[in-house]
There are 2 protein chains.
Amino acid sequence: MIKKYLHIMCYVTLGFLFVTQTVLAESQFQEIMKKRGLTEEDAIAALKVYNPSGKHDEYYVFVGGGQSGQVLVYGVPSMRPLKYIGVFTPEPWQGYGFDTDSKEVLRQGNVRGREINWGDTHHPALSETDGKYDGEYLFINDKANTRIAVIDLKYFETSQIVVNPIFKSTHGGAFVTPNTEYVLDTCQYAAPLTNDYYPIEAYQDVYRGGVTFWKFDRQKGKIQQKESFSLEFPPYMQDLTDLGKGVSEGWAFTNSINSELYTGGIEKGLPPFEAGCSRNDTDFLHIYNWKKLAQLAKDDKNIKIINGHRVIPIDVAVKNSVLFLVPENKSPHGVDVSPDGRHIIVSGKLDTHASVYDFNKIMKLIQNRDFEGKDSYGIPILDMKKSLYGQVEVGLGHLHNTFGKEDGTIYSSMYVDSQVVKWNYKELKVIDKIGIHYNVGHLEAMEGKSADPQGEYLIAINKLAIDRFLPVGPLHPQNNQLIDIGGKKMKLLLDMPIPLGEPHQGASIRASKIRPEVRFIMGTNSRTGKPHVGKTLAGQEKIERKGNHVSIYATVVRSHINPERVTVNKGDHVTMYITNVERAQDETHGFTIDHYNVHTSLEPGETTQIDFIADIEGVFPYYCTEFCSALHIEMMGYLLVKDPNKNYEWIQKTKMQSLSPEELQMEYKKIRASNKATDEVIQSLFFFLEEKNYTKYTTVKNLVDDAKDQYAKIDLEREKSAKAYQKNDINNAILFENMIWQYMIKTADSAIRAKDLLINNIATPKSESAKKGEIAFREGGCSGCHVIGKISSGPDLIGVLKRHRNAEQWVAEYVKNPQSKFNEPFMKKMIEFFNLKMPNQNMSDEEIKNIVEYFKWIDENADLF
Amino acid sequence: MIKKYLHIMCYVTLGFLFVTQTVLAESQFQEIMKKRGLTEEDAIAALKVYNPSGKHDEYYVFVGGGQSGQVLVYGVPSMRPLKYIGVFTPEPWQGYGFDTDSKEVLRQGNVRGREINWGDTHHPALSETDGKYDGEYLFINDKANTRIAVIDLKYFETSQIVVNPIFKSTHGGAFVTPNTEYVLDTCQYAAPLTNDYYPIEAYQDVYRGGVTFWKFDRQKGKIQQKESFSLEFPPYMQDLTDLGKGVSEGWAFTNSINSELYTGGIEKGLPPFEAGCSRNDTDFLHIYNWKKLAQLAKDDKNIKIINGHRVIPIDVAVKNSVLFLVPENKSPHGVDVSPDGRHIIVSGKLDTHASVYDFNKIMKLIQNRDFEGKDSYGIPILDMKKSLYGQVEVGLGHLHNTFGKEDGTIYSSMYVDSQVVKWNYKELKVIDKIGIHYNVGHLEAMEGKSADPQGEYLIAINKLAIDRFLPVGPLHPQNNQLIDIGGKKMKLLLDMPIPLGEPHQGASIRASKIRPEVRFIMGTNSRTGKPHVGKTLAGQEKIERKGNHVSIYATVVRSHINPERVTVNKGDHVTMYITNVERAQDETHGFTIDHYNVHTSLEPGETTQIDFIADIEGVFPYYCTEFCSALHIEMMGYLLVKDPNKNYEWIQKTKMQSLSPEELQMEYKKIRASNKATDEVIQSLFFFLEEKNYTKYTTVKNLVDDAKDQYAKIDLEREKSAKAYQKNDINNAILFENMIWQYMIKTADSAIRAKDLLINNIATPKSESAKKGEIAFREGGCSGCHVIGKISSGPDLIGVLKRHRNAEQWVAEYVKNPQSKFNEPFMKKMIEFFNLKMPNQNMSDEEIKNIVEYFKWIDENADLF
């Protein structure tokens, strides 16, 4: 009996001990949670979104930057912002709009000759292959100025902007066909398609909507404007669009908000647009076949030319049976085609019901020419009930949809209810609801609008943040919320404030699908992807003058600009070509000339051009604007602008001390000795790296390549130094030796980083116990005297487990009670040598055990210290 | 004996049970950690930085946006970005540079007549009182274009820009005196102080550095340019500055990088600046007394006027014993005065040693006129050794410092070593080092440069990110890293990529010290803080024409713009004043006119002005650019620009269907009924809110105020509707009723949010068990049929614990085995009523116990559902 109890006791005690260990960390968790007021659900969310240093996110999300005119890229699940890509708004960090090459892109967006310096970006679209995201290009529209931009995801730079030639407002873009043949952009607020004035009374007659099909050439990475065309729509104020896929490939769907054809007039005492546009119970979903339209557009007899652009009129589309209408609940917002292409879901913004249309039913009605009538513009109208698959009550203010991984799963945003609703559009039932903060607009489950939704996470792109974040004045950030959709119920994980602009739609893609470059082929114009006319390599720097046009061919490298002094005449047109001759990842340089409103960012291998008229006289420093090395501040030069019509008189007055030949010799010897010592450090770094086969680790190799690249520059400086010394020009010999030292420091900078990274890569993994031992070693006071791999105030501890018989036990006893070993002969000698006795750090047995494990790990990796 | 064992067993078992409970959550933690590859240290870091929805950060950090020309605000410890404040670069989201009022601020930054559209922001400085941050103003410099901006932290908007009248480069700003009497900005690259050309050979004679003292008037919130002055320095290329405090108040310290007076020349085969500027072993720390200089500057005999600006020449400063030099290790970067003002720490960028100067020793040398000599410009030089408190070997590439809470604690950045080093500047010893990723520039412990450092957290503002984040092309984000400095050892907590620009310095402040406004007094010009000349209230909207100048006084409110149609002549100058008449927090509207390159952001209560020449003919939609309500898309109007020299001919062609009087009556009745029903919902919401004393909760009250504000607008619409109906204008009566419905939806939108928030505020807190019960209830399938507070597919469960005798046990048994109760008379009736039998959801005993706890919580809060 007692035996049995004892047996159980042992079992329980073992379990208890095991639990105690885990509970140690756990109790730390609980302590922090208590201190920070976190519930268990909060802690779980924290663990689901936290990326420790260096861990990459699983998805990229691209969101339109709204009124900032940019595109924001962030990572999921950490929600951390990665980049604002300059698109429609000049952005000096990227040099966008401040150097000549990027200006050429930005100015493609001029509208009727006017420079437009911002955009209202709404709906980013990723390029698709078979309806799936392929990670090559991103398209984004500008609602205010009717433009589409192309972003090349190799470089994350805007490479093209096209202006819509006929619309005065475009909201429903960008949307791509399943193989990115066309990028669609839909008119929103109707207006005459020409550039003429017509009074508001001509709304029904002359104002028109429509959709533009921008032809995309994937090889060239450019929209082909001449091969693009538009389809005319009635002035129903079209809203969003989606493209068919699978069974519905070839078709497109666009909804509308003003089938009332209301024209406002609050200033005359009439009800405003918002009342007039939402009067009717239904508006119209536009259904059209883009594949057939593309065929039609090729034949001149089917088109009108407006502002030089090919437009298919409504009657031609009707005659060719490629345009139909079906009623939809009034003033809807989003329309979304299911991943298999059969269901078309229309959000009922002012109705609590979502409508699911059945593509098969629609096709049947069209084939049977079973119409309920025609609208005033002659377009056949399908019967709503006959077209519907069904309706579901989802909530108030339903704006948008995105699809989940499981068949039939859809997530919808409820603006008024401030909820995300998960439902099944096949079974027509609501599954789950979650409150968001606050007023959600678009939402995006991962790849949720593609033919291959990934589930896992969902982003709620909310319009109001109100009290969620620290206040920053009357203009609040937006709140993008991450929701876990991997389980049965949706769970809120994280709020991320958006610090600039109001994102509308988001487009997400699995990280592995994007493969950006980290450097350019030397001398590339990043905006064209081709060699730059001003490509300049080290040694090719020059200044050329033709009349009053001065061309400067410059290079930048850590940490100098060549040339360092440029003198021009007031009024000269100056063109400066600058090449960043670095190869190292992230070794960006920036360039500006003070007071001249030019700036450019030069990524490794890139050449850019800046142009300006030297119209103000004086002395203007130029400098590198990207902190590129310890000597960054010294990376500068002077633009001197003199007035050719002025006489400049100046007599040297200041007397400077100069060094004696002996002093110069002494300085020369000193710098030579310093360089020799530094070189020895570098050689030992290189030796370590070679010995450990650094080439096996790509990132390490890149850093070593960079270090060697810097080191290689020393030869030339050594020659210059020797030459100067031979000419007895000790002054300059000293300076060239100084330059050698600079290159050495840059070499060491990269090599030290490479060594650290290599150690991380090749050290054996620490056991949990060894990890804890390291912490105890660092925090318990040991590291005050002991430095691993070095003799410091105490002995090096590499091999400590080999120094004593029964060493693990010996070390444990010694740490527990140092005094007990002071009389051993070896220890006596140590105490004498270091003139120090190890103090008792009052470690627990557990800590001592862990420290021994840490020492074992050290011995395993002794060659790395 | 057995008894004793039993006793122990009980004890152990209880302990075990207790542990098991905690381990439930723990095992979930471990599972996620395993899945996501997180160590225990990672998990601890995650918990330390995670803010659940609505939890505010503890500190604001302001970092210069670098080449983006903006200021970025983020929160600590979450590191989440809160706002990019437009400063030197136009930013359309904020309307900055796109509306007339903000252009007036931005254009104060024109340099010699040239529009400058970017800046290179470096060092933000918070306003101080007694050397401590007071949270009123932020100052930021532009290195490239020699400007200082003032940001008013009431609104987080830029309110002033001043241009340096004499310098051509300013890096060492902004730094404030301990009571913000002056904002200091120091010249970097020397140049003639006039605007004239001088050849590089005149460097020693004519080129100069210096420091400008911008007089700040705290009452007006503005720099007073006429009361500002500068001190001339030799052309040593001054770098950073810090102000004395405590014992050293009145003094300032500025270091330099080119005491060699080197002038470059790589284009002529000479060594570059980086070699020449770092030749000497020492440069000069400039020591000067700003209080005495401010006195001197008042007397005309002490100053030269250059470009209209008062400048104290070097010789005057020397004669008055207010300017001294002391050697410092060559080419240092940061200089920082300790919180008590006695120690001045200079970073040894090219030296592994940090130098600590002793202010008392410096003062003694000055008082004794104990100089080692004079420089070429006549400035007395103090002996370095006699001035030093001591030196410490800290590492390679030491750039900057920030101070900790504990006496003597300082943190330094090592650019080359990629480390932050914690050391003690009083005891002159290194305490701890931590590796960062990679190449740290500035660093900021919380309020670490003030007289009252707060410790807790430290930000490493790194220059290179390399492999830390998902790749985004050749231009990488920067990496700002959060480090926990609350414990004995520094611990890395979080990496945050900076998506735009390269931050240099950061300034942090405890969140409670900043008290921003969330709305403006109605009709305020946010850039001046005063009533706007164009202030327009609802009902005051009008269009005025004087010659070819058209003035439009407009209002915006959810969701219409008044006026909705504006016709002007081509060539007219149009001024539009727009007032956002909302009171609700975060109810921002934006305004643009398509193709006219104007945009403004209108926060609640704000009036702004836009100006343009209507120089292109046509029809241009204008719209609200901030998604402000479910009817946002409908918030639009038309600008019609007609050419007065053209004849427009147009004959109405399109025939529209119109409704019969009977149909109109039917529609009228329908909308009236709909409004009545909606109003009932609203009344029930208001009733609930009143009953629960909503006014006690500020945020709730704000939302209800907003709801009532919207609701109040209904009266006028009702009048309009009635009037139209009396005139038999049923068409417009319908539309006005529609408008009533819109206001009701907006009322409901706010009221629903208010109700949810109120419930969160007043519900009793759930026990841990009740929380788990709610999850089990939701996830176990109960919520499929039961909705709390409503009869759904199953009965309402409020009061379920009162419906049965011995109810807790009854409910537990029923959930465990529903079948067992189906024959009870009450249950028979229920099954009949709902035509449904409750299924067995296979809950565990633990889950059932928790669900019962959840039901108890529901009953406690029954009145909230």
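Every value quoted in this text rests on a predicted model; they were computed, and no experiment measured them. (Residues numbered from 1 in each chain as written. Chains lettered and ligands numbered in written order. Predicted model: local features only at pLDDT ≥ 70, side-chain atom pairs only at ≥ 80, totals over all residues. Heavy atoms only, no water.)

A. Representation of the sheet that holds strand β30 (residues 478–484) of chain A within the structure. Residues and elements named next belong to chain A. Strands sit in the order β28-β29-β30-β31 across an open sheet of 4 strands; the sheet is antiparallel. Strands at the two margins of the open sheet, each flanked by one partner only, are β28 (440–446) and β31 (491–498). Along the sheet, successive strands turn relative to each other by an average axial angle of 20°, direction set aside. Looking at chain direction, strand β29 (residues 455–462) and β30 are connected through 5 bridges and run antiparallel. Across the sheet, the residue bridging to I461 is N480, located in β30. Lying on the sheet, helix α2 (residues 40–49) is in contact with β30 and β31; it crosses β31 at an angle near 60°. (Pairing = 2+ DSSP bridges. Helix = DSSP H or I, 4+ residues; strand = E, 2+ residues; numbered from the N terminus. Axes fitted to C-alpha atoms, helices over the stretch in contact; angles between N-to-C directions. Contact = heavy atoms within 4.5 Å.)

B. Representation of the domain arrangement of chain A. Taken as a whole, chain A is organised into domain 1 (2–38), domain 2 (63–266 + 283–513), domain 3 (531–642), domain 4 (661–762) and domain 5 (768–864). Taking only C-alpha atoms into account, the centre of domain 2 of chain A sits 56 Å from that of domain 4 of chain A. (Domains from an automatic or database assignment.)

C. Examining the pairing of β28(A) more closely. Residue and element names in this part refer to chain A. β28 sits mainly inside the fold: 7 of its 7 residues count as buried. Alignment of β28 against β29, held across 5 bridges, turns out to be antiparallel. Along β29, the bridge assignment pairs E444 with I459. (Buried < 20%, exposed > 50% of the residue type's maximum accessible area, 1.4 Å probe, protein only.)

D. Inspection of the sheet that holds strand β4 (residues 125–129) of chain A at higher detail. Residues and elements named next belong to chain A. Strand order in the open sheet formed by 4 strands is β4-β5-β6-β7, and the pairing between neighbours is antiparallel. Each end of this open sheet is capped by a strand with a single partner; those strands are β4 and β7 (157–163). Neighbour-to-neighbour, the strand axes of this sheet turn through a mean angle of 30°, independent of strand direction. As paired strands, strand β5 (residues 132–142) and strand β6 (residues 147–152) are joined by 6 bridges and run antiparallel to one another. Looking across to β6, one finds that Y137 is bridged to D152.

E. Expanded view of the environment of B:K35. With respect to the helices and strands, B:K35 occurs in helix α1 (residues 2–36). A sequence separation of 705 residues divides B:K35 from B:I740, and the C-alpha atoms of the two residues are 53 Å apart.

F. Expanded view of the relation of the copies chain B and chain A. By a simple turn and slide, chain B fits onto chain A: the slide is 0.0 Å along the axis, the RMSD is 0.1 Å, and the turn is 180°. Taken together, the rotation angle and the small translation identify this as a two-fold axis. When each C-alpha of chain B is compared by its distance to the rotation axis, B:A46 comes out closest, at 2.9 Å. Interface residue correspondence from chain B to chain A reaches 100%, placing this contact among same-surface, isologous pairings. (Least-squares fit on C-alpha atoms with pLDDT ≥ 70 in both.)

G. Structural context of the packing of aromatic side chains. Across all of its chains, the model carries 80 aromatic pairs over all chains by this definition. Their ring planes at 85° and their centres at 4.9 Å tell us that B:F139 and B:F216 sit as a pair that is edge-to-face. A residue pair is termed long-range when its members are at least 10 positions apart, and B:F139 in strand β5 (residues 132–142) and B:F216 in strand β10 (residues 209–217) qualify at 77 residues. By relative accessible area, B:F216 is classed as buried at 4%. Among the aromatic residues, ring-to-ring pairing joins A:Y182, A:F213, A:F229, A:F233, A:Y288 and A:W290 into one connected group. Over the ring of A:W857 we find A:K766; its NZ or CZ atom is 4.5 Å from the centre of that ring. Positioned over the ring face of B:Y553 is B:K542, at 4.7 Å from the centre of the ring. (Phe/Tyr/Trp six-rings, centres within 6.5 Å; stacked < 30°, edge-to-face > 60°. Lys NZ or Arg CZ within 6 Å of the ring centre and 35° of its normal.)

H. Region of interest: the packing of helix α14 (residues 768–779) of chain A against helix α18 (residues 845–860) of chain A. Residue and element names in this part refer to chain A. It is the contact of α14 with α18, at a shortest axis distance of 7 Å, that shows an interaxial angle of 105°. In terms of their interaxial angle, α14 and α18 are classed as roughly perpendicular. On α18, the residues that touch S769, A770, K772, G773, E774, A776 and F777 of α14 are E847, K849, N850, I851, E853, Y854, F855 and W857. Along the lines of polarity and charge, the residues of the contact of α14 with α18 split into 7 nonpolar, 3 polar and 5 charged. (Parallel < 35°, antiparallel > 145°, perpendicular 65-115°, else oblique. Nonpolar A, V, L, I, M, F, W, Y, C, P; charged D, E, K, R; others polar.)

I. Summary view of the state of the cysteines. Residue and element names in this part refer to chain A. Applying the stated criterion across every chain yields a total of 0 disulfides over all chains. Cysteine C624 shares no disulfide, and the gap to the nearest cysteine sulfur, in C628, comes to 3.9 Å. Using a relative accessible area of 1% as the deciding quantity, one classes C624 as buried. (Disulfide = S-S within 2.5 Å.)

J. Here's a closer look at the interface of chain B and chain A. On the side of chain A, 255 residues touch chain B, which itself brings 253 residues to the contact. Counting across the chain B and chain A interface gives 12 salt bridges. With a shortest N-O distance of 2.9 Å, A:R279 and B:E667 are connected by a salt bridge. For the pair chain B and chain A, the interface holds 114 residue pairs in polar contact (both at pLDDT 80 or more). (Salt bridge = Lys/Arg side-chain N within 4 Å of Asp/Glu carboxyl O. Polar contact = N/O pair within 3.5 Å; in protein donor to acceptor, adjacent residues only side chain to side chain.)

K. Structural detail: the environment of A:Y854. All names here are of chain A. In this fold, Y854 is placed in helix α18. Owing to a relative accessible area of 6%, Y854 belongs among the buried residues under this scheme. Separated by 84 residues in sequence, Y854 and A770 have C-alpha atoms that sit 4.1 Å apart. Beyond its immediate sequence surroundings of up to four residues, Y854 is in contact with K766, A770, G773, E774, F777 and I788.

L. Structural view of unusual backbone geometry. A cis geometry characterises the amide bond from B:G173 onward to B:A174, with omega recorded as -5°. Within the secondary structure, B:A174 sits in strand β8 (residues 170–176). A cis amide bond, omega 10°, links B:N562 with the succeeding residue B:P563. Among the structural elements, B:P563 can be located in the loop between β37 (560–562) and β38 (565–569). Located in the positive-phi region is A:L261, a residue other than glycine, with phi close to 55°. By the element assignment, A:L261 lies in the loop between β13 (251–256) and α5 (273–276).

M. Inspection of helix α6 (residues 290–297) of chain A at higher detail. Residues and elements named next belong to chain A. Listed in full, the buried residues belonging to α6 are W290, L293, A294, L296 and A297. Along the axis of α6, the buried residues cluster in a sector spanning 160°; they form a single face. For α6, the capping residue at the N-terminal end is N289, with a side-chain oxygen 3.0 Å from the backbone nitrogen of K291. (Arc of directions from axis to C-beta.)

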